[in-house]
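# Residue-level structural notes
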Amino acid sequence: MFRNQYDTDVTTWSPAGRLFQVEYAMEAVKQGSAAIGLRSKSHVVLACVNKTSSELSSHQKKIFKVDDHIGVAIAGLTADGRVLSRYMRNECINYFYTYESQLPVGRLVVQLADKAQVCTQRSWKRPYGVGLLVGGLDESGAHLYYNCPSGNYFEYQAFAIGSRSQAAKTYLERKFESFMDSSRENLIKDALFALRETLQGEKLTSSVCTIAVVGIGEAFHILDQETVQELINEFEIAGEEAPVAEPAAPDQAGVAEPAAPDQAGGAEPAAAADADDDNQAAPGDQGAAPMDM
């Protein structure tokens, strides 16, 4: 991605009106391990994939507690994520000390976006190479925000960032309309299913993922591995039973075949459509190999 003389510092604009160092920072987010966020009326669930740089090392922490009502999941450079999470903690502490109330999530996100934007207009600085999913609960309800290295921020119902996140986004786009009325358990279930989409065939276990929850009457906390593994086992069993019941429908159609012979001809287009769906789903799984971030 070398851009000659136009990427030597962050304040140099290319003839096309682009800041390449900001784009490099956004690329670092795409190469980081996947992080997912979902929210309902009362809860926010953050989930991430644990990646190790080698078999001899442990994974780096990707979910951080900011306050009892706010937490973040990151994708990209973990060092930058730790710096920003510490800044967010200080802002929450100072606000509580001054006003004796919890800092609203939206206000914290704006302050974080302003801090990131300053790094895009100072030649002696560089953009933060990390994307943050900020989940929290305040008087106006549950919130989920995405903070971009460029200084932009967006509020989402559900979102995924990082390597192979497109597969998770596809799953979330199919399900997001039901998230607002979902229970805590269903949100965690959908987060695990979305994480499984990013693994590309790798088995989902509690050792390769981290789940955190915040909600009404429930302070932000990270679920322990035993609890996560129990949930994975429960959901995988349910997922294995569902496909077994589906083939029963074609058998019943086969029994009624003599009465309605036209249905037999209709099976081939349906099969072809399913094959097309599979072919379309395949490119989404072909992502760039994630950097060990």
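All figures in this text were calculated on a predicted structure; none of them were measured in a lab.

Turning to the sheet that holds strand 2 (residues 43-49), a few remarks are in order. Pairing in this open sheet of five strands is antiparallel, and the strands run 8-1-2-9-10 from one edge to the other. Whereas interior strands pair on both sides, the edge strands pair on one side only; in this sheet they are strand 8 (158-161) and strand 10 (218-222). Each strand axis lies, on average, 10° off the axis of its neighbour in the sheet, ignoring direction. The strands touched by helix 4 (residues 165-175) are strand 1 (35-39) and strand 8; relative to strand 8, the strand with the most contacts, the crossing angle is about 170°. Across the face of the sheet, helix 5 (residues 184-198) comes into contact with strand 1, strand 2, strand 9 (209-215) and strand 10 while running at roughly 25° to strand 2.

Glancing now at the packing of aromatic side chains. Taken as a whole, this structure holds six aromatic pairs when the rule is applied. Taking 6.2 Å as the distance between ring centres and 55° as the angle between the ring planes, the aromatic pair formed by Phe193 and Phe235 counts as tilted. Taken together, the positions of Phe193 in helix 5 and Phe235 in helix 6 (residues 225-245) put the pair 42 residues apart, joining distant regions of the chain. There is no split in this pair, since Phe193 and Phe235 are both buried. The positively charged end of Lys115 is found above the aromatic ring belonging to Tyr87, 4.7 Å away from the centroid.

The next thing to look at is the sheet that holds strand 7 (residues 153-155). Taken in spatial order, the five strands make up an open sheet running 3-4-5-6-7, and their pairing is antiparallel. With one partner strand each, in any of the chains shown, strand 3 (63-67) and strand 7 form the two edges of the open sheet. This sheet shows a mean twist of 25° between the axes of neighbouring strands, independent of strand direction. Two elements, strand 3 and strand 4 (residues 70-76), share four bridges in a ladder whose sense is antiparallel. Bridging across to strand 4, Phe64 finds its partner in Val72. Across the sheet, helix 1 (residues 20-31) lies against strand 4, strand 5 (130-138) and strand 6 (141-147), angled at about 100° from strand 4, the strand it touches most. Packing against the sheet, helix 2 (residues 78-99) makes contact with strand 3, strand 4 and strand 5, and its axis sits at approximately 15° to strand 3.

Conventions we followed
- Residues numbered from 1 in each chain as written.
- Predicted model: local features only at pLDDT ≥ 70, side-chain atom pairs only at ≥ 80, totals over all residues.
- Heavy atoms only, no water.
- Pairing = 2+ DSSP bridges.
- Helix = DSSP H or I, 4+ residues; strand = E, 2+ residues; numbered from the N terminus.
- Axes fitted to C-alpha atoms, helices over the stretch in contact; angles between N-to-C directions.
- Contact = heavy atoms within 4.5 Å.
- Phe/Tyr/Trp six-rings, centres within 6.5 Å; stacked < 30°, edge-to-face > 60°.
- Buried < 20%, exposed > 50% of the residue type's maximum accessible area, 1.4 Å probe, protein only.
- Lys NZ or Arg CZ within 6 Å of the ring centre and 35° of its normal.

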